[in-house]
Amino acid sequence: MSPLAPDRSPSIRVATGTRLHYAEFGKPDGRAVLFLHGWPDSWFSFSRVLALLPEELRALAIDQRGFGDSDRPESGYSIPEMADDAIAFLDALGIRRAMLVGHSFGSFVARRVAIAHPERVAALALIGTGICGSNAVTRDLQSSLRDLPDPIPVQFARDFQASTAFRSIPADFFDRIVEESLKLPPRLWRLTFDKLVEYDDTKQLGKIQAPTRLLWGDKDALFSRDEQERLIAELPTARLTIYQDTGHCPNWEQPERVAADLSALIGG
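This is a predicted model, so every value here is computed, not measured. (Residues numbered from 1 in each chain as written. Predicted model: local features only at pLDDT ≥ 70, side-chain atom pairs only at ≥ 80, totals over all residues. Heavy atoms only, no water.)

Draft legend 1. Representation of the overall build of the protein chain within the structure. Within the protein chain one finds 10 helices and 8 strands. Against the compact-globule benchmark of 18 Å for 268 residues, the protein chain has a radius of gyration of 17 Å, which places it among compact chains. The long-range fraction of contacts in the protein chain, counting pairs at least 24 apart against all pairs at least 6 apart in sequence, stands at 76%. Summed over all atoms, the accessible surface of the protein chain reaches about 10,400 Å², with 48% contributed by carbon and sulfur. Charged side chains of the protein chain number 31 positive and 37 negative; the gap between the two group centres comes to 4 Å. (Helix = DSSP H or I, 4+ residues; strand = E, 2+ residues; numbered from the N terminus. Rg over C-alpha atoms; globule rule 2.2 N^0.38 Å. Contact = heavy atoms within 4.5 Å. Areas by Shrake-Rupley, 256 points an atom, 1.4 Å probe, with all protein chains shown as cover. Lys, Arg positive; Asp, Glu negative; His and termini not counted. Charge placed at Lys NZ, Arg CZ, Asp CG, Glu CD.)

Draft legend 2. Quick look at the sheet that holds strand 5 (residues 98–103). Read from one edge of the open sheet, 8 strands run 1-2-4-3-5-6-7-8, paired in mixed fashion. Sheet topology places strand 1 (11–13) and strand 8 (238–243) at the edges, where each strand pairs with a single neighbour. Geometrically, the sheet is characterised by an average inter-axis angle of 25° between neighbouring strands, direction not taken into account. Contacts from helix 10 (residues 255–267) reach strand 3 (31–36), strand 4 (57–62), strand 5, strand 6 (121–127), strand 7 (212–217) and strand 8, with the element oriented near 165° to strand 8. (Pairing = 2+ DSSP bridges. Axes fitted to C-alpha atoms, helices over the stretch in contact; angles between N-to-C directions.)

Draft legend 3. Spotlight on the side chain of Thr-164. Its location among the elements puts Thr-164 in the loop between helix 5 (154–163) and helix 6 (171–181). Judged by relative accessible area, Thr-164 falls into the buried class, the value being 4%. When neighbours within four sequence positions are excluded, Thr-164 is seen to be in contact with Leu-222, Gly-247, His-248, Cys-249, Trp-252 and Glu-253. (Buried < 20%, exposed > 50% of the residue type's maximum accessible area, 1.4 Å probe, protein only.)

Draft legend 4. Examining the pattern of salt bridges more closely. All chains considered together, the criterion is met by 15 salt bridges. Salt-bridge contacts for Asp-71 lead to Arg-19; the nearest nitrogen and oxygen are separated by 3.1 Å. With Asp-71 in the loop between strand 4 and helix 2 (79–92) and Arg-19 in strand 2 (residues 19–26), this pair connects stretches of sequence that are 52 residues apart. Asp-85 is the partner of Arg-65 in a salt bridge, and the nearest nitrogen-oxygen pair spans 2.7 Å. Separated by 20 residues along the polypeptide, Arg-65 in the loop between strand 4 and helix 2 and Asp-85 in helix 2 bring together distant segments of the chain. With respect to burial, Arg-65 and Asp-85 carry one shared label: buried. (Salt bridge = Lys/Arg side-chain N within 4 Å of Asp/Glu carboxyl O.)

Shape is all these values report; function is a separate question.
What follows is the structure, given as structure tokens:
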């Protein structure tokens, strides 16, 4: 399957009132895997991985509210509210349990789902996550967003997205990543990142029951190895997989290995 062409790409209005666009790969009756993208991305951030997963799975990658081609309501952008959207999405499709895969911003949403609704999460994969949303790097980035003009300068979006990867990635894929990020309005670039920085679930991580894998690149410029070790100490079911010479986005940089690691977790 082409990473640019999902099997199905519909939208659905969920119980929280938001219309969510999503891409779907695989069998409609297969085991469900829900993908939650990072900031300021869209479902496309996972496209190189989705095309490599076993076809018997039902892979669903949503544009979270405000991002991509989903609705952009005035409110509802906190991490817990994003998690409510994820549950409402599963409910709308009649999915009782799913494996959750979250990248960066989306990893915190996935964690919140696993904390608040443990019965809905069969397994959890957290790509490029941190102990919480606030550290020196994210606070510095937060400050840099304050004076961004409207529209967001294309070069700013390109420079930021390029800074998150260590390995080279295909030019057409990167161009689409930038294009997707520019769908997020400037006010939501700031608001959604503010909500990430303020979110701290550290004291609740022990509630996560699902088998959990941390997929982390050793050249990650946002979240450090020390943060991964702290997460391992807090998460009773977690294991760490380190991607050598890889940045913050293993799903962009090493999609074959990420797909294999996710398949192993699903099979396990």
